[in-house]
Each structure stands twice: as structure tokens, then as C-alpha cells.
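An overview of the molecular structure
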Amino acid sequence: MVLDQGGLTQLMIMIELFDGVDKPASIAKNVGITIQGVNYHLKILRKKGLVGNTNEISKEGFSFLESGLGSLREFVSENMAKIDNIVTWEAIADTPIKKGEEVGVYMSSGYLHAGKENGKARGIARNSAGKDEIVVASISGIIGVEFGSVVICVLPSAEDIADKEKFASTVSGEINPGVKIAVVGEEAFYAVSSAGSVPQIEYASLEGVFEAATRGLDSVLFISSRRFHYLLPQLKEMQNRYKEIGLKIKYL
């Protein structure tokens, strides 16, 4: 089945009917056309015998729906395959790579690498590169990434810190090997420094820890309680954007 614009709109209306949405106003809102447009297409669907007078889908209508969705799936698959052939990414070469060579593409330590090892994602090198140099590859397949986590440590106000040694020890206890350290503001920077560590993310830190998590890295972000209140709207936005990222908030 080849769907023109009208056929595609009718298919979308049929999907709404299949989902139990039979009121023209609701269909119009979900499909993105006017109520008059919905009624126009419903009239055509009834004439074709695909929909009954009470907007129920007929046997022929189910066949139309199945055929139409099958055509869409084929269309999407064919064009995704075309896109896969031209999507290119930069990667770090783990071994010497020659232009035109097929390589495996994978995430390692938060960065995209290309090498001889097999993986779900494969690529064709667009340039030659030595070990640890940048190779550009057209990639097909899915790059496997296990998402990292984000821990936000809310520090007490500076005026409430009585025992500085104990405070430094508490902060140090939240810093684990291999975890990215992020800070927001002066008190957080002082806290990490007093614990004998160096922050790796200092600016746009909230965005940074969530970005690190999408690359498979765990992070801990330190912030004062005073600054944390101002960060809440932005934090909510990050949570909505990165629903798959595990987040934990700790008050020290």
C-alpha cells in the first residue's frame, strides 16, 4: 500500500479509533487537524466500508490498518537504513585503522572508541588513524551504553559547620574511586578541596553530571543547601529530560 497525505491522515484516524478514541474533537486534537477535517475523512472511511456509522472499525478496516502500518514500517526501515549508512561519529582509535576498514564501535570510560573488537555497532572508517588518534566512522547498529548514576550531596550552610575536620572527613567519604566529582559554587569547591580531592566538573555542573551519566559514568555533585534551593527548577528539568538516569539526593 502506498499512502498519500490523505491516506496517512485516515490511517492516523483509524489508529485513534482502534485505541478507543471515537469523538471527533479528541481525534482532531491527537492527530493535529481540525474537527471538520476529521469528519471529512470519517465520511470517506465510511464510504470505503472501513468504519461503521458509530465509528467502529469494520473487518475491512482492520485489514486497511494492518496493511497501512506494514507499509509505514517498511518505509521507516528502508529510510533508517539509508540514514545508518551516512551517520558519522568521531571516535578514539584503539588500534591503527586504515580508511575504509570495518571497525567495532563502543563506549569506554565515557568516550566513543573504535577498534578491532566486535560489538553491536559497526563502522566504516572515513579516514586513516593511528592508535589514540581520531577516526571518523559511518556507524550502523546500536552503541551499547549502561547509564551511570548521579548523587547530589547537599552541604550544610557554612555557618553551621562547627568541626571542619569532621566536615572534610564526611565529604571525603562520599568520594569514591572512578566517580566524577562535580561542584556548584564556592562552598562546594572548598569542601572537595578540604577533603583532598580536585573537582573535575566545576561549571554547568548539573548538566555535566547528567551528560556524564548518559556516557556511562557515575558522578557525585556537591552543592550548598543555600544554592540547592535555586537549583531545584533546573534539576526537575534534567530529571524530565533524562528519565533513565538514576538520581539520589543526600543531605550531609
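This text follows the structure it describes.
Residues numbered from 1 in each chain as written. Predicted model: local features only at pLDDT ≥ 70, side-chain atom pairs only at ≥ 80, totals over all residues. Heavy atoms only, no water.

**Describing the packing of helix H1 (residues 5-18) against helix H2 (residues 24-31)**
At their nearest, the axes of H1 and H2 sit 10 Å apart, and the two run at 125° to each other. It follows from the interaxial angle that H1 and H2 lie oblique. Our pair here, H1 against H2, has a crossing hand that is right-handed. Two secondary-structure elements touch here, H1 through Met-12, Ile-13, Glu-16 and Leu-17 and H2 through Ile-27, Asn-30 and Val-31. (Axes fitted to C-alpha atoms, helices over the stretch in contact; angles between N-to-C directions. Helix = DSSP H or I, 4+ residues; strand = E, 2+ residues; numbered from the N terminus. Parallel < 35°, antiparallel > 145°, perpendicular 65-115°, else oblique. Left-handed = near helix turned anticlockwise from the far one by under 90°. Contact = heavy atoms within 4.5 Å.)

**Considerations on the packing of H1 against helix H3 (residues 35-47)**
It is the contact of H1 with H3, at a shortest axis distance of 10 Å, that shows an interaxial angle of 90°. Taken together, the axis directions place H1 and H3 in an arrangement best described as roughly perpendicular. Across the interface between the two elements, Gly-6, Thr-9, Gln-10, Ile-13, Met-14 and Leu-17 from H1 touch Val-38, His-41, Leu-42, Ile-44 and Leu-45 from H3. Among the residues forming the contact of H1 with H3, the class breakdown is 7 nonpolar, 4 polar and no charged. (Nonpolar A, V, L, I, M, F, W, Y, C, P; charged D, E, K, R; others polar.)

**Examining the packing of aromatic side chains**
As enumerated under the stated definition, the model contains 4 aromatic pairs in all. Here Phe-18 and Phe-62 contribute two aromatic rings whose centre-to-centre distance is 6.1 Å and whose plane-to-plane angle is 85°, an arrangement assigned as edge-to-face. Of the two residues, Phe-18 is situated in helix H1 and Phe-62 in helix H4 (residues 59-86); the sequence distance between them amounts to 44 residues. The class for Phe-18 is exposed, based on a relative accessible area of 52%. With a relative accessible area of 41%, Phe-62 lands in the partly exposed category. Ring plane angle 10° and centroid distance 6.5 Å describe the contact between Phe-167 and Tyr-190, whose orientation is recorded as stacked. Of this pair, Phe-167 sits in helix H5 (residues 164-172) while Tyr-190 sits in helix H6 (residues 186-194), and the two are 23 residues apart along the sequence. (Phe/Tyr/Trp six-rings, centres within 6.5 Å; stacked < 30°, edge-to-face > 60°. Buried < 20%, exposed > 50% of the residue type's maximum accessible area, 1.4 Å probe, protein only.)

**Looking at H5**
Along an α-helix, residues three or four apart share an orientation, since each turn contains 3.6 residues. Looking only at H5, the buried set comprises Phe-167, Ala-168 and Val-171. When H5 is viewed along its axis, its buried side chains cluster within an angular range of 100° and face the same direction. Exposed residues on H5 whose side chains face more than 90 degrees from its buried face are Glu-165 and Lys-166. Contact partners of the buried residues in H5: strand E6 (149-155), H6 and strand E8 (219-224). The opening residue of H5 is Asp-163, an N-cap whose side-chain oxygen sits 3.2 Å from the backbone nitrogen of Glu-165. (Arc of directions from axis to C-beta. Polar contact = N/O pair within 3.5 Å; in protein donor to acceptor, adjacent residues only side chain to side chain.)

**Thoughts on the nonpolar core**
Core analysis: the biggest nonpolar cluster contains 18 residues, and Ile-152, Leu-206, Val-209, Phe-210, Leu-221 and Ile-223 have the highest contact counts within it. Elements with a minimum of two residues in this core: E6, strand E7 (180-184), helix H7 (205-214), E8 and helix H8 (225-241). Residues within four places of Phe-210 in sequence aside, it is in contact with Val-150, Leu-235, Met-238, Tyr-242 and Ile-245. Counting residues in each nonpolar core, the second largest holds 16 residues, with Leu-11, Ala-28, Val-38 and Leu-45 among its members. (Core = buried A, V, L, I, M, F, W, Y, C linked by side-chain atoms within 4.5 Å.)

Interpretation note: all reported values are geometric properties and have no functional meaning in isolation.
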